[in-house]
Amino acid sequence: MKDKFVTHFIQFHFAFSTKVRRKVFKNEEVKNRTAELIRQTCKKHGFQIRYLEIYPEHIRITVVVSPNQSPRFIMAKLKKETQILRKEFKQFANIRNFWTQAFLVSTKQSFPHKEAAEFISNLPKRFGNVVDKPETHLKEYVNEKVK
């Protein structure tokens, strides 16, 4: 890509999931609308899409961006501007947060499919709870049904 004074090729690969890994993209209408919203967002903010794949519970995308755009900025824009799905589809009306805060970002030459699959599989599922681990000052996800 070329800006006024800089020629650059900064490419980020992302994987991000719906909250509690809901399989919302099984519905073809939701999947198509999500892809459309992502394309609109990328065009609006000057991100060039090199790869986009929508799975039942997560999205994998590669974008080429300018040097002044951070991965956190890009993710914030993509997630924020696809939140409209909650208003457009009544089955999501009661969902407060459509996306998890977590995402995977990589600058490898090709998309890191193995790492993305591992990242998604380690995200919390629908039934589970978070347990404080005092010895590490971290929260750990316990994958068991809440009683």
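Rules used throughout
- Residues numbered from 1 in each chain as written.
- Predicted model: local features only at pLDDT ≥ 70, side-chain atom pairs only at ≥ 80, totals over all residues.
- Heavy atoms only, no water.
- Pairing = 2+ DSSP bridges.
- Helix = DSSP H or I, 4+ residues; strand = E, 2+ residues; numbered from the N terminus.
- Axes fitted to C-alpha atoms, helices over the stretch in contact; angles between N-to-C directions.
- Contact = heavy atoms within 4.5 Å.
- Salt bridge = Lys/Arg side-chain N within 4 Å of Asp/Glu carboxyl O.
- Phe/Tyr/Trp six-rings, centres within 6.5 Å; stacked < 30°, edge-to-face > 60°.
- Lys NZ or Arg CZ within 6 Å of the ring centre and 35° of its normal.
- Expected span 1.5 Å × (residues − 1).
- Buried < 20%, exposed > 50% of the residue type's maximum accessible area, 1.4 Å probe, protein only.
- Arc of directions from axis to C-beta.
- Polar contact = N/O pair within 3.5 Å; in protein donor to acceptor, adjacent residues only side chain to side chain.
- Parallel < 35°, antiparallel > 145°, perpendicular 65-115°, else oblique.
- Left-handed = near helix turned anticlockwise from the far one by under 90°.
- Nonpolar A, V, L, I, M, F, W, Y, C, P; charged D, E, K, R; others polar.

### Some remarks on the sheet that holds strand S1 (residues 10-18)
- Taken in spatial order, the 4 strands of this open sheet run S2-S3-S1-S4, and their pairing is antiparallel. The open sheet has two free edges, formed respectively by strand S2 (48-54) and strand S4 (99-106), since each of these has just one partner strand. Along the sheet, successive strands turn relative to each other by an average axial angle of 20 degrees, direction set aside.
- Judged from the 8 bridges that link them, S1 and strand S3 (residues 58-65) form a sheet pairing that is antiparallel. Within S3, the position partnered with Ala15 by the bridge is Arg60.
- Seen against the sheet, helix H2 (residues 71-82) touches S1, S3 and S4 and runs at an angle of roughly 140 degrees to S4.
- Here helix H4 (residues 113-121) sits on the sheet and contacts S1, S2, S3 and S4; the angle it forms with S4, its principal contact strand, is near 160 degrees.

### Observations regarding the pattern of salt bridges
- Enumeration over the complete set of coordinates arrives at 6 salt bridges.
- One continuous salt-bridge network, built from bridges that share partners, spans Arg21, Lys23 and Glu57.

### Brief notes about the packing of aromatic side chains
- Enumeration over the complete set of coordinates arrives at 10 aromatic pairs.
- Ring pairing ties together the aromatic residues Phe16, Phe25, Phe89, Phe92, Phe98 and Trp99, which thus form one cluster.
- In this structure, Arg60 is placed above the aromatic ring of Tyr55, and the distance from its NZ or CZ to the ring centre is 4.6 Å.

### Digging into H2
- With 12 residues, H2 extends 17 Å from end C-alpha to end C-alpha; this agrees with the ideal 16 Å at 1.5 Å per step.
- Turning to H2, its buried residues number three or more, namely Ile74, Met75, Leu78, Lys79 and Thr82. Across the axial projection of H2, the buried residues extend over an arc of 120 degrees, all falling on one side. Relative to its buried face, H2 has exposed residues pointing more than 90 degrees away, namely Arg72 and Lys80.

### So, the side chain of Ser106
- As for its position among the elements, Ser106 is in strand S4.
- On the basis of relative accessible area, Ser106 is assigned to the buried category, the value being 12%.
- From its side chain, Ser106 meets the backbone nitrogen of Lys108 in a polar contact 3.1 Å long.

### Describing the environment of Lys26
- Structurally, Lys26 can be placed in the loop between S1 and helix H1 (28-45).
- On a C-alpha basis, the gap between Lys26 and Glu57 in space is 8.0 Å, while along the polypeptide they are 31 residues apart.

### Focus on the packing of H1 against H2
- The interhelical angle for the contact between H1 and H2, taken along N-to-C directions, is 135 degrees, at an axis separation of 9 Å. Taken as axis vectors, H1 and H2 run oblique relative to one another. The element H1 and its partner H2 pack so that their crossing is right-handed. Across the interface between the two elements, Leu37, Ile38, Thr41, Cys42, Lys44 and His45 of H1 pack against Phe73, Lys77, Leu78, Glu81 and Thr82 of H2.
- Of the residues belonging to the contact of H1 with H2, the class tally is 5 nonpolar, 3 polar and 3 charged.

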